[in-house]
Amino acid sequence: MTENAVLERLLSDADPATTPRDAPPDARALASRDRIIRTGSAPRRRRARTIGWTTGLTAAAASTALAFAVFSPQGAAVAGTPSPLDFDGSKTVAQIVDDASATLADVPGPTVPQRTVRTASWGFEVDVDAKTTTVVPQLSTLTWEPDGSGRMTIVAGVPYDPTDAAASNAAEVTSSGEVVTDLVMAPGDFATPWTAVPGESREEMVAILRAFGMPEDPTAFDVATAFTSVLGQWTLTDAQHQELLLLLEEAGGGDALGTSTDRLGRPVAGVRVQSPDGAVSDLILVSRDTGRIVGVERTVLIADEIFPAGAIISYQMWDVDEETIE
């Protein structure tokens, strides 16, 4: 069975119509799904699409628990996705990184890397035949240990219609209070390419990014993709965030967008990076309050049978207050 077929089978088995709502995905399904996300080629858009993305085990459980699956042999582009963030002012990438470095030096943050991550994210539940989409937020807390044990809890966000202008432009990820996944992982269940506490030097940051797939001569998109995966598993120190931002700047090719407010109401600066194939772009959000990387938003650049060019399809936010998830 091909990896694409395995992916479709996993998503089909996770259909909420046949799976009890309180049943967490088993370890085998999580491991298979995680392996496909990390190493497999993207599923062909012919029949199925998983909308939205997170990283590591969070992605596996989120996709399985919420079943962001679409099955339609003859789909058409679906309108009505969230509005882009509005940016003001003009700064270069270097200026954004310099401002962040100054803020990181002034505002205390985590002093040691932590194997605990709180993430707010959302994806889409799409009915291609009806040409409708629903934004499905989620708030997750992942804690893990070097032996691969840990726990992940996912709280459902409040779904909304992306054509609702008020919802789309407000703080979009809010908790419903409903726990949809509470997964306790035994030793070995959590697979990660990096278990040791990472150091704060440039060399050590390059090493962990390469462990998460960054090539030796990366584009800015490669750097962002790798640190998105890292931030899905680690809460890093301010010094480590500074090195990530310097590596992003050094790779070149990013576009500075000025300043805005993210979907949790936090002041941010934005840098957009484009995939080498031109299919998508990622918007990197840097907190103006802390200097830390606090979000990544993905936009489709090439229209397909589900989304038109310019559609925002997913969002991840870190450094989320614990109260937001409860």
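Everything numeric in this text was worked out from a predicted model, so none of it was measured. (Residues numbered from 1 in each chain as written. Predicted model: local features only at pLDDT ≥ 70, side-chain atom pairs only at ≥ 80, totals over all residues. Heavy atoms only, no water.)

Participant: What is the right way to read the overall build of the chain from this model?
Facilitator: Counting its secondary structure elements, the chain contains 9 helices and 9 strands. For the chain, buried positions account for 50% of its 326 residues. In the chain, the share of contacts with a sequence separation of at least 24, taken over all contacts with a separation of at least 6, comes to 67%. A total accessible area of about 14,100 Å² is found for the chain, and carbon and sulfur atoms account for 50% of it. (Helix = DSSP H or I, 4+ residues; strand = E, 2+ residues; numbered from the N terminus. Buried < 20%, exposed > 50% of the residue type's maximum accessible area, 1.4 Å probe, protein only. Contact = heavy atoms within 4.5 Å. Areas by Shrake-Rupley, 256 points an atom, 1.4 Å probe, with all protein chains shown as cover.)

Participant: Sorry, what's going on with unusual backbone geometry here?
Facilitator: Most peptide bonds take the trans form, and the phi angle of most residues other than glycine is negative. Its identity is not glycine, yet Asp319 carries a phi of approximately 55°, on the positive side. Following the sequence through the fold, Asp319 ends up in the loop between strand 9 (312-317) and helix 9 (322-325).

Participant: Where do I start with the confidence of the model for the chain in this structure?
Facilitator: Confidence in the prediction for the chain averages 77 pLDDT; 70% of positions are at 70 or higher. Predicted confidence for residues 1-79 stays below pLDDT 50, and this span has 150 contacts to residues more than four positions away or in other chains. (pLDDT = per-residue confidence, 0-100.)

Participant: Help me understand the pairing of strand 6 (residues 267-274) in this model?
Facilitator: Working note: regular strand, side chains alternate between the two faces of the sheet. Strand direction decides the pairing type here: strand 5 (residues 255-261) and strand 6, joined by 6 bridges, are antiparallel. For Asp255, the partnering residue across the bridge sits in strand 6 and is Arg272. In sequence, strand 5 turns back onto strand 6 through a hairpin of 5 residues, with Gly265 there showing a positive phi of about 85°. Where strand 6 lies against strand 7 (residues 280-287), 7 bridges are found, and the strand directions are antiparallel. For Val268, the partnering residue across the bridge sits in strand 7 and is Ser287. The turn linking strand 6 back onto strand 7 is made up of 5 residues, and Gly278 within it adopts a positive phi angle of 75°. (Pairing = 2+ DSSP bridges.)

Participant: Even after reading the chapter, I still don't get the environment of Asp321, so can you show me in this structure?
Facilitator: Inspection of the secondary structure puts Asp321 in the loop between strand 9 and helix 9. Judged by its relative accessible area of 49%, Asp321 is partly exposed.

Participant: How should the packing of helix 6 (residues 202-211) against helix 8 (residues 238-251) be read in this particular structure?
Facilitator: In a packed pair of helices, the relevant descriptors are the angle between the two axes and the axis-to-axis distance. At their nearest, the axes of helix 6 and helix 8 sit 10 Å apart, and the two run at 75° to each other. When the interaxial angle is binned, helix 6 and helix 8 end up roughly perpendicular. Seen from helix 6, the contacting residues are Arg202, Met205, Val206 and Leu209; seen from helix 8, they are Gln240, Glu243, Leu244, Leu247 and Glu250. Taken together, the residues of the contact of helix 6 with helix 8 sort by class into 5 nonpolar, 1 polar and 3 charged. (Axes fitted to C-alpha atoms, helices over the stretch in contact; angles between N-to-C directions. Parallel < 35°, antiparallel > 145°, perpendicular 65-115°, else oblique. Nonpolar A, V, L, I, M, F, W, Y, C, P; charged D, E, K, R; others polar.)

Participant: Explanation requested: the nonpolar core in the structure shown.
Facilitator: When a protein is soluble and globular, its nonpolar side chains tend to lie buried together. Judged by nonpolar contacts, the single largest core of 44 residues is most densely connected at Leu209, Phe227, Leu248, Ile284 and Ile293. Of all the elements, helix 7 (residues 220-231) adds the most residues to this core, at 8 residues. With residues up to four places along the chain from it excluded, the contact list for Leu209 reads Met214, Val223, Ala226, Phe227, Val230, Leu244 and Leu247. Leu139, Leu285, Val294 and Val320 belong to the second-largest nonpolar core, a separate cluster that totals 15 residues. (Core = buried A, V, L, I, M, F, W, Y, C linked by side-chain atoms within 4.5 Å.)

Participant: Is there a simple way to think about helix 8 in this case?
Facilitator: Since the α-helix advances by 3.6 residues per turn, residues separated by three or four positions end up pointing in the same direction. For helix 8, built from 14 residues, the straight-helix expectation of 20 Å at 1.5 Å per residue is met to within 8% by its first-to-last C-alpha distance of 20 Å. Burial in helix 8 covers these residues: Asp238, Gln240, His241, Glu243, Leu244, Leu245, Leu247 and Leu248. As for helix 8, its buried residues are in contact with helix 4 (93-106), helix 6, helix 7, strand 6, strand 7 and strand 8 (293-300). The first or second residue beyond helix 8 is Gly252, which carries a positive phi of 75°. (Expected span 1.5 Å × (residues − 1).)

Participant: Can you walk me through the environment of Ala196 in this structure?
Facilitator: Counting through the fold element by element, Ala196 comes out in the loop between strand 4 (175-185) and helix 6. On the accessibility criterion, Ala196 (45% relative accessible area) is partly exposed. Separated by 81 residues in the primary sequence, Ala196 and Arg115 place their C-alpha atoms 9.9 Å from one another. Apart from residues no more than four positions distant in its own chain, Ala196 is found in contact with Arg115 and Trp234.

Participant: Would you mind going over the packing of aromatic side chains with me for this structure?
Facilitator: Any aromatic ring pair is given by two values, namely how distant the centres are and how the planes are angled relative to each other. For the structure shown, the criterion picks out 2 aromatic pairs. For the pair Trp144 and Trp234, a centre-to-centre distance of 5.2 Å together with 80° between the ring planes defines the contact as edge-to-face. Of this pair, Trp144 sits in strand 2 (residues 132-144) while Trp234 is found in the loop between helix 7 and helix 8, placing the two residues 90 residues apart along the sequence. Classification of Trp144 by relative accessible area gives buried; the value is 1%. The buried category is assigned to Trp234, whose relative accessible area is 1%. Through a chain of ring-to-ring contacts, the aromatic side chains of Trp144, Phe190 and Trp234 assemble into a single cluster. Positioned above the aromatic ring of Trp144, the side-chain terminus of Arg115 is 5.3 Å from the ring centre. (Phe/Tyr/Trp six-rings, centres within 6.5 Å; stacked < 30°, edge-to-face > 60°. Lys NZ or Arg CZ within 6 Å of the ring centre and 35° of its normal.)

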